[in-house]
Amino acid sequence: MTSRKVHLRKSRERKRRAKLLEHQKEENDLIQDSNPEKKPHTLKTVFVNKWAVRIYAFLIFVIIWQIVGQTQNALIFAPPVAVAQRFVQLSTDPGLTLPSATLLTIQTVIVGFVPAVIVGVPIGILVGRSRTAEYSLDPYINLIYAIPIITLIPLFIVWFGSNMLSSYFLVFIASIFPVTINSISGAKNVRASLLETGRSFGFGGGAGLWRRIIFPASMPYIMAGLRIGAGHAVIGAILAEIFMYTVGLGLLIEDGASRFDTAEVISAVIVTIVLGVLLTEFVKYFERRVSVWSTAESYTE
Amino acid sequence: MNKAYVAPGSNRVRIEILRDVSMSVNEGEIVSMIGPTGCGKTTLLRIIDGLVPLDSGEVLVNDKIVKDPKDSSCALVFQRFNLLPWRNALKNVEFGLESKKVEAKERQEQARHYLKLVGLEGYERYYPHQLSGGMQQRVGLARAIATKPEVVLLDEPFSSVDLLRRESLQYEVLKILLKTKETAIFVTHNVEEAIFLSDKIISFSTRPGRVKAVYDVNLPRPNVADDEAIVRTLRERKNLIDSRSEETYKLILDLKNDLSEGTPPQE
């Protein structure tokens, strides 16, 4: 064997070894990827790629929409450019149609949703912890939750008339049940060992136990309920505004459709979607803060 | 004199768990209750804390009857730590003081002091899931002794900690208990652990649990407050057990014998 051949073989082997090392490194990177906090770099690249793909997909969607829209009657199917124009117009006209409608809808959501949380969470915790409360209330909670919210509208008009109050009440009813039902699960799933700990350190069944153990231990479930409830609140508000007391974004949707102004309808729908997403994300932010310990705990338990 | 006395014929859910149990613990004494699984020693510990009601008999701590954890001057250290996961270490230690109507500022200061005592200075803001099992149990110990209990009750406090850290945690816990001159009752089913930890060992029979025998452990016991001296004596203690020295060999055999008698033959 000549020295040249030996040399070649050696270099080939070195290359192979280098490749193997590289492979191992890649594998290590993959393993470390599962721990995103420690590797912000890879997270960032994944993040950028993810958003790049999303933006491309969105652009393709908009282009198809534009092409299809142009072939249709503009009254029935507004293309994105027309929607954008109408959106700007509605946002900047002297009456500030779209912004004021949005504010009104936000108001309806908040005035209905906040009392739903204030009432729903304590009821849920009570039903979750007390047999008497569970047996007497639980069937009705599940029953009413099963009612499609829209079927209540005629009844609400008869009871309260077509006004803001009935809109608030519809939002309240639409959002209180997910909040309550999740609070029930939360209160039911408080670990017995934590209750025992509370009792051992001098909180025997009184307000101290509720405040210090049951409520914080139910928090992850309650927050999940709030997140779902927030979505329902937006749906409830739009339903009320379309079918009961036509103001806000519901008015724009209803009115726009009656005038075949699909661009206006789509503009209002887009704002509604953004509203729902923002509200849900807002709740999610708090949910993540409380669920840090609960997810961490489910790993160790 | 501090005395805990139990004489229950406890009948819970129709299963007789404890029968005619009577025992006493002197002030400053560290006692282990040992027995086969299911012999009711953990239940007994909860009875002493007032968590579990008993059917007959009574628990006396300093001549005061214990019926509820509220009037019990005992503090429990749990097998699975039972820290409140939404509270950081400091707030967990504070928890024990919250029912005692201590002012918030004073409470925090004390919690800080006890965390430091268990060697967790600097970990005040850590949440339980960020701490190792051994550290969590030290928080649990700090929470218990921060309430300045008459008796510290420890329910298999080392069994949820991995083997590697178990021994160092045993040293640590025992050192703290000796330093603060606590009266303590351990529940364990490990013979060597019981001997290492205690001045007196109460051995229980299988269900219904009865006191089978009481053994005095005559091993060197540190009675100085100096950390190093305590650890030196404890190490000496450990060596005597590990080397099966004269003092310990018979005790180990007796205890193991007690335990194996309790085990049903079909297992």
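Located above this text is the structure these notes cover.
Predicted model, so just to flag it, every value in this text is computed and none were measured. (Residues numbered from 1 in each chain as written. Chains lettered and ligands numbered in written order. Predicted model: local features only at pLDDT ≥ 70, side-chain atom pairs only at ≥ 80, totals over all residues.)

## Examining the overall build of chain A
When its secondary structure is counted, chain A shows 11 helices and zero strands. Taken across its 301 residues, chain A has 33% of its residues classed as buried. Residue pairs at least 24 apart in sequence account for 73% of intrachain contacts in chain A once pairs closer than 6 positions are excluded. (Helix = DSSP H or I, 4+ residues; strand = E, 2+ residues; numbered from the N terminus. Buried ≥ 20, exposed ≤ 12 C-beta atoms within 10 Å, placed from the backbone. Contact = placed C-beta atoms within 7 Å.)

## Remarks on the interface of chain A and chain B
Tallying the contact residues gives 18 residues for chain A and 18 residues for chain B. Contributing elements (two or more residues each) for the side of chain A that touches chain B: helix H8 (192-200), helix H9 (207-243) and helix H11 (262-300) of chain A. The element best represented in the side of chain A that touches chain B is H8(A), accounting for six residues. For the side of chain A that touches chain B, the class distribution of residues is seven nonpolar, seven polar and four charged. (Nonpolar A, V, L, I, M, F, W, Y, C, P; charged D, E, K, R; others polar.)

## Examining the sheet that holds strand E8 (residues 151-155) of chain B
Residue and element names in this part refer to chain B. Across the sheet, six strands lie side by side as E7-E8-E9-E4-E10-E11; this open sheet has mixed pairing. In this open sheet, the two strands that pair with only one neighbour each are strand E7 (74-77) and strand E11 (211-216). For this sheet, the mean angle separating the axes of adjacent strands, direction not counted, is 20°. Alignment of strand E4 (residues 30-34) against strand E10 (residues 200-204), held across four bridges, turns out to be parallel. Each residue of the ladder has a partner; that of Val31, found in E10, is Lys200. (Pairing = 2+ DSSP bridges. Axes fitted to C-alpha atoms, helices over the stretch in contact; angles between N-to-C directions.)

## Section: the packing of helix H4 (residues 97-129) of chain A against H9(A)
Residues and elements named next belong to chain A. Where H4 meets H9, the axes come as close as 8 Å, and the angle between the chain directions of the two elements is 145°. Both H4 and H9 take part in a crossing whose hand is right-handed. Of the residues contributing to the contact of H4 with H9, the split by class is 15 nonpolar, six polar and two charged. (Left-handed = near helix turned anticlockwise from the far one by under 90°.)

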